[in-house]
Amino acid sequence: MRIARSFAELRSFLPAFRPHPLCLVPTMGALHEGHGALVDRGRSEGGFVAVSIFVNPLQFGPTEDLGRYPRTPEKDIEFLEKKGADLVFLPSPEEIVPRDATITVNPGPVGALYCGASRPGHFEGVLTIVLKLFHLFGPDLAIFGEKDRQQLFLIQKMARDLALPVRVIGHPTIRESDGLALSSRNRYLNTEERRRATLFPHHLTTTKRRWEETPPLTSEELDSLRTDLEGKLSREGFVVDYVAFVDPDTFREATLPLPRRVILLAAVFLGKTRLIDNVVIEADLSRV
Ligand code: PAF
């Protein structure tokens, strides 16, 4: 596996991978099996797999966890070596985010909703760095986890809106045996919080089942599904950031008549840790 730590090194390695297809898996490191699944998916798509590791300061707010975000580069390199990645890129912050940089990517209106409402500037930071990585690698394919569903939507939209020559695909969320979505931030949870965290995906799934058995037909029924879920999460000790039923085509809140497919998207705090997750609801509307 090649290891590049500068633009010059990256440029010197890339020609060896051509003319084969190149797949890029952008990450912030502290790698786990969720990232491993993205590398496996890249391999299964054919061609070479490159992984970038960079804790992007542009996507953290001033009061967020940039300083304590886990950084485990040596372990990550070992992990990727075992996974069979072909190239890893660990740029320095100074090179990838020049001090005098002023041009950024505007994520548009959807960037201000849900996670973007609680984390102003977050998606601008994500898209800016992802666009840079796309320029640096020129990948044919880029893979992102579906846990960050809004991020995936916005990156796919950026690729379409700006005619970027890259196919952006999502890969299903990898979960612990008790249902908790894998995340580098799970390591912030103490034992009691970790035990409780399983209730987050559990309640999303029960809401999904309830919807699929009896799809809501009125705005009152839709509101009651949302408030029931928020109530259950609050009673279990989560502080609800948002719960939203989202139309996957527009990423706006789903409205009546509801589409057949809806994404239940949510973010909660457990102690100081912010968890996000989502489930896809597929309702058979012909029965209603
Ligand atoms: O999902 C992440 O790890 C980050 O948001 C990304 C896409 C690597 C951009 O910094």
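Residues numbered from 1 in each chain as written. Predicted model: local features only at pLDDT ≥ 70, side-chain atom pairs only at ≥ 80, totals over all residues. Heavy atoms only, no water.

Engineer: Would you mind going over the packing of helix α6 (residues 122-137) against helix α7 (residues 149-161) with me for this structure?
Structural biologist: Packed helices, taken two at a time, are described by their axes: the angle between them and the distance between them. In the contact formed by α6 and α7, the axes pass within 10 Å of each other and the chain directions differ by 50°. As the angle between them shows, α6 and α7 are arranged oblique. In terms of crossing hand, the pair formed by α6 and α7 is right-handed. Along the contact surface, α6 presents Phe123, Val126, Leu127, Val130, Leu131 and Phe134, while α7 presents Gln150, Gln151, Leu154, Ile155 and Met158. A class-by-class count of the residues in the contact of α6 with α7 yields 9 nonpolar, 2 polar and no charged. (Axes fitted to C-alpha atoms, helices over the stretch in contact; angles between N-to-C directions. Helix = DSSP H or I, 4+ residues; strand = E, 2+ residues; numbered from the N terminus. Parallel < 35°, antiparallel > 145°, perpendicular 65-115°, else oblique. Left-handed = near helix turned anticlockwise from the far one by under 90°. Contact = heavy atoms within 4.5 Å. Nonpolar A, V, L, I, M, F, W, Y, C, P; charged D, E, K, R; others polar.)

Engineer: Where do I start with the site of the ligand in this structure?
Structural biologist: Around the ligand, the surrounding shell consists of Pro26, Thr27, Met28, Asn56, Gln59, Ile129, Val130, Phe144 and Gln151. At 2.6 Å from an oxygen atom of the ligand is found a side-chain nitrogen or oxygen belonging to Gln59. At 2.7 Å from an oxygen atom of the ligand is found a side-chain nitrogen or oxygen belonging to Gln151. Contact with the protein chains covers 88% of the free accessible surface of the ligand, which is 290 Å². Elements with a contribution of two residues or more to the shell around the ligand: β2 (22-27) and α6. (Near = heavy atom within 4 Å. Polar contact = N/O pair within 3.5 Å; in protein donor to acceptor, adjacent residues only side chain to side chain. Areas by Shrake-Rupley, 256 points an atom, 1.4 Å probe, with all protein chains shown as cover.)

Engineer: So what exactly am I meant to see when it comes to the packing of aromatic side chains here?
Structural biologist: To describe a pair of aromatic rings, one takes the distance between the centres and the angle between the planes. Per the counting criterion, the structure on display carries 9 aromatic pairs. Relative to Phe245, the ring of Trp211 has its centre 5.0 Å away and its plane inclined at 45°; by these criteria the two rings are tilted. With Trp211 in helix α9 (residues 199-213) and Phe245 in strand β7 (residues 239-246), the pair connects residues that are 34 residues apart, well separated along the chain. With a relative accessible area of 1%, Phe245 lands in the buried category. The structure contains a cluster of three or more aromatic residues connected by ring pairs, namely Tyr114, Phe153, Tyr242 and Phe251. Directly above the ring of Tyr188 sits Arg68, whose terminal nitrogen or CZ lies 3.9 Å from the centroid. (Phe/Tyr/Trp six-rings, centres within 6.5 Å; stacked < 30°, edge-to-face > 60°. Buried < 20%, exposed > 50% of the residue type's maximum accessible area, 1.4 Å probe, protein only. Lys NZ or Arg CZ within 6 Å of the ring centre and 35° of its normal.)

Engineer: What am I meant to see in unusual backbone geometry here?
Structural biologist: Trans peptide bonds make up the majority, and among non-glycine residues the majority have a negative phi. At the junction of Arg18 and Pro19, the peptide bond is cis and its omega measures out at 10° in the coordinates. Note on placement: Pro19 falls in the loop between α1 (7-13) and β2. Backbone torsion omega between Leu256 and Pro257 reads -5°, so that peptide bond is classified as cis. Structurally, the position occupied by Pro257 is in the loop between β7 and β8 (261-270). In this structure, Ala30 takes a positive phi of about 50° despite not being glycine. By relative accessible area, which is 1% here, Ala30 ends up buried. For Phe251, which is not a glycine, the phi torsion comes out positive at approximately 65°. By the secondary structure assignment, Phe251 is in the loop between β7 and β8.

Engineer: Quick question: what am I supposed to make of the nonpolar core here?
Structural biologist: For soluble globular proteins, nonpolar side chains are generally found buried alongside one another. By size, the foremost hydrophobic cluster in this structure holds 48 residues, and its most contacted members are Leu87, Phe89, Ile96, Phe134 and Phe137. At 10 residues, α6 tops the list of elements feeding residues into this core. When sequence neighbours within four positions are dropped, the list of residues in contact with Phe89 reads Ala4, Arg5, Ser6, Phe7, Leu10, Val51, Ser52, Ile53, Ile96, Leu133, Leu136 and Phe137. Counting 24 residues, the second largest nonpolar core, distinct from the first, contains Ala254, Val262, Ala266 and Leu275. (Core = buried A, V, L, I, M, F, W, Y, C linked by side-chain atoms within 4.5 Å.)

Engineer: Looking at this model, I keep getting lost on the sheet that holds β7. Mind explaining?
Structural biologist: Think of a sheet as strands paired side by side through backbone hydrogen bonds, with each pair either parallel or antiparallel. Across the sheet, which stays open at both edges, the 3 strands sit in the order β7-β8-β9 with antiparallel pairing between neighbours. This sheet does not close on itself; its edge strands, each paired only once, are β7 and β9 (273-282). Averaged over all pairs of adjacent strands, the angle between strand axes in this sheet comes to 10°, irrespective of strand direction. Pairing of β8 with β9 involves 10 bridges; the strand directions are antiparallel. Bridged to Val262 within β9 is Ile281. Against the sheet, helix α10 (residues 219-235) makes contact with β7 and β8, and its axis sits at roughly 150° relative to β7, the strand it touches most. (Pairing = 2+ DSSP bridges.)

The quantities given are spatial measurements derived from coordinates; they are silent on function.
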